Amino acid sequence: MSVSRETRILTVANQKGGVGKTTTTVNMAAALAQEGHTVLVIDLDPQGNASTALDVPHHAGTADIYTCLVQDAPLTSVTVKVAAFDGLYCAPATIDLAGAEIELVSLVARENRLKRAISDYLVHFEQTEGRPLDYIFIDCPPSLGLLTVNAFVAATEVLIPIQCEYYALEGLGQLLKTVELIRGQLNPVLKVSTIILTMYDARTRLAQDVVAEVREHFGDIVLQTLVPRSVRVSEAPSRHQTILQYDPNSPGALSYREAARELSQKVFA
Ligand code: ADP
Ligand code: MG
């Protein structure tokens, strides 16, 4: 069986920490699963925050994405169903992954290891579930090291969260340059398909300025939906929940459902 060409593989990247990568990953993934899509979240950050938010065990010793990248374990052997959402799966990260950045350096095809693991997984998923996997979201660590490079090589799209704060655009040039390098040398299909503006506070002039600047610079790859800054969104992970469970009717939950709908309706030429 050939791999379904329709799986959209999104790398959620920004080398700045705290911009909303993990929050965007888990909430967009959960919202798409609620809409009936099949979705896999790959936690590629040693901190394991996506695993926590999806309530997937990731204590030391758990079979995790590290074993796939460094020890060639199949992705099926670490992936678990997320109990709260039908059709949502997660490959967790444990603290072991912190060593991968260095251990990968000496391995054969070090940039291609996640891609290979995903290709095998997609074939297996379709065989066992009887339908293709619709989406993969890869939650990256806050760096442009080998883990993030593996995610870029494996993906079809890059999704960049930008925080509506001062210095929001700092480092973006370097991120886009890295994507261009990967495109040129390792993954010609990769494109920055989507930018999502997070932690928007409508009361501040600064946030409005950031939105205007990002829209002017990046045009229609920027989602119309703005994710508001909201305490409820930041509380959800401590309950091991997404905002869709923690406060389903809150503005944060609504915005991520809306953003997921926009993403799913994006059509590519
Ligand atoms: P990253 O993965 O880029 O490091 P996170 O998604 O972990 O960023 O977000 C950083 C912090 O900000 C977390 O504590 C998270 O709960 C909080 N946060 C994320 N999005 C929002 C939001 N819309 N409103 C308020 N807090 C948020
Ligand atoms: Mg994170």
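Parameters at a glance
- Residues numbered from 1 in each chain as written.
- Chains lettered and ligands numbered in written order.
- Predicted model: local features only at pLDDT ≥ 70, side-chain atom pairs only at ≥ 80, totals over all residues.
- Heavy atoms only, no water.
- Helix = DSSP H or I, 4+ residues; strand = E, 2+ residues; numbered from the N terminus.
- Buried < 20%, exposed > 50% of the residue type's maximum accessible area, 1.4 Å probe, protein only.
- Contact = heavy atoms within 4.5 Å.
- Near = heavy atom within 4 Å.
- Polar contact = N/O pair within 3.5 Å; in protein donor to acceptor, adjacent residues only side chain to side chain.
- 1 Å grid on protein atoms, 1.4 Å probe; cavity = no way out; pocket = protein on both sides within 12 Å on 5 of 7 lines; lining within 4 Å.
- Sits in = over half its atoms within 2 Å of the grid points.
- Nonpolar A, V, L, I, M, F, W, Y, C, P; charged D, E, K, R; others polar.
- Patch = residues over 30% accessible without salt bridge, like charges linked within 9 Å, V, L, I, M, F, W, Y side chains within 5 Å.
- Areas by Shrake-Rupley, 256 points an atom, 1.4 Å probe, with all protein chains shown as cover.
- Salt bridge = Lys/Arg side-chain N within 4 Å of Asp/Glu carboxyl O.
- Expected span 1.5 Å × (residues − 1).
- Pairing = 2+ DSSP bridges.
- Axes fitted to C-alpha atoms, helices over the stretch in contact; angles between N-to-C directions.
- Core = buried A, V, L, I, M, F, W, Y, C linked by side-chain atoms within 4.5 Å.
- Points joined across faces, edges and corners; volume = space filled by probe spheres on them.

1. So, the overall build of the protein chain
Regarding its fold elements, the protein chain presents 11 helices and 8 strands. Dimensions of the protein chain along its principal axes, counting C-alpha atoms only, are 50 × 40 × 40 Å. Going through the 269 residues of the protein chain one by one, you find that 53% of them count as buried. In the protein chain, once contacts between residues fewer than 6 apart in sequence are set aside, the share between residues at least 24 apart is 78%.

2. Examining the site of ligand 1
Not every one of the 14 residues close to ligand 1 is listed here, only the nearest: Gly18, Lys21, Thr22, Thr23 and Ser230. Between Lys21 and ligand 1, the recorded distance is 2.9 Å, taken from a side-chain N or O atom to an oxygen atom. At 2.9 Å, a backbone N or O of Pro228 approaches a nitrogen atom of ligand 1. With respect to the detected pockets, ligand 1 is housed in the largest pocket. Listing elements by their share of the shell around ligand 1, those giving two or more residues are α1 (21–34), β8 (222–228) and α9 (231–235). The greatest single-element share of the shell around ligand 1, amounting to 3 residues, is contributed by α1. Of the residues contributing to the shell around ligand 1, the split by class is 5 nonpolar, 7 polar and 2 charged.

3. So, a nonpolar patch on the surface
Where nonpolar side chains cluster on the molecular surface, the patch consists of Tyr166, Tyr167 and Leu206 and spans about 350 Å² of accessible area. Inspection of the secondary structure puts Tyr166 in the loop between β6 (157–163) and α7 (172–185).

4. Some remarks on helix α11 (residues 251–265)
For α11, with 15 residues, the first-to-last C-alpha span of 21 Å sits near the 21 Å given by 1.5 Å per residue. Turning to α11, its buried residues number three or more, namely Gly252, Ala253, Ser255, Tyr256, Ala259, Ala260, Glu262 and Leu263.

5. Here's the deal with the sheet that holds β6
The strand order across the open sheet built from 8 strands is β3-β4-β2-β5-β1-β6-β7-β8, with neighbouring strands paired in mixed fashion. Looking at the sheet topology across the chains shown, the edges are occupied by β3 (80–81) and β8. Bridge count between strand β2 (residues 39–43) and strand β4 (residues 88–91): 4 bridges; the pairing is parallel. Bridging from a neighbouring strand, Ile42 pairs with Ala91 of β4. Packed onto the sheet, α1 meets β1 (8–12), β2, β4, β5 (135–139), β6, β7 (191–200) and β8 and runs at close to 165° relative to β5.

6. Description of α1
The terminal C-alpha atoms of α1, which comprises 14 residues, lie 20 Å apart, in line with the 20 Å expected from a rise of 1.5 Å per residue. Along α1, 12 of the 14 residues are buried, which leaves the element largely enclosed by surrounding structure. Of all the positions in α1, only Lys21, Thr22, Thr24, Thr25, Val26, Asn27, Met28, Ala29, Ala30, Ala31, Leu32 and Ala33 are classed as buried.

7. Notes on the nonpolar core
Judged by nonpolar contacts, the single largest core of 55 residues is most densely connected at Ile42, Ile65, Leu75, Leu114, Ile118 and Ile138. Tallying contributions element by element places helix α6 (residues 146–154) first for this core, with 7 residues. Of all hydrophobic cores here, the second largest spans 35 residues; its members include Val39, Leu54, Tyr256 and Leu263.

8. Re the layout of surface pockets
The volume enclosed by the largest pocket comes to roughly 560 Å³. If you go around the largest pocket, you meet 30 residues; those closest to its centre are Gly20, Lys21, Thr22, Thr23 and Met199. Of all the secondary-structure elements, those providing two or more residues to the lining of the largest pocket are α1, α2 (49–53), β7, β8 and α9. In terms of residues, the lining of the largest pocket owes the most to one element, α1, which gives 5 residues. Residues that form the lining of the largest pocket fall into these classes: 14 nonpolar, 13 polar and 3 charged.

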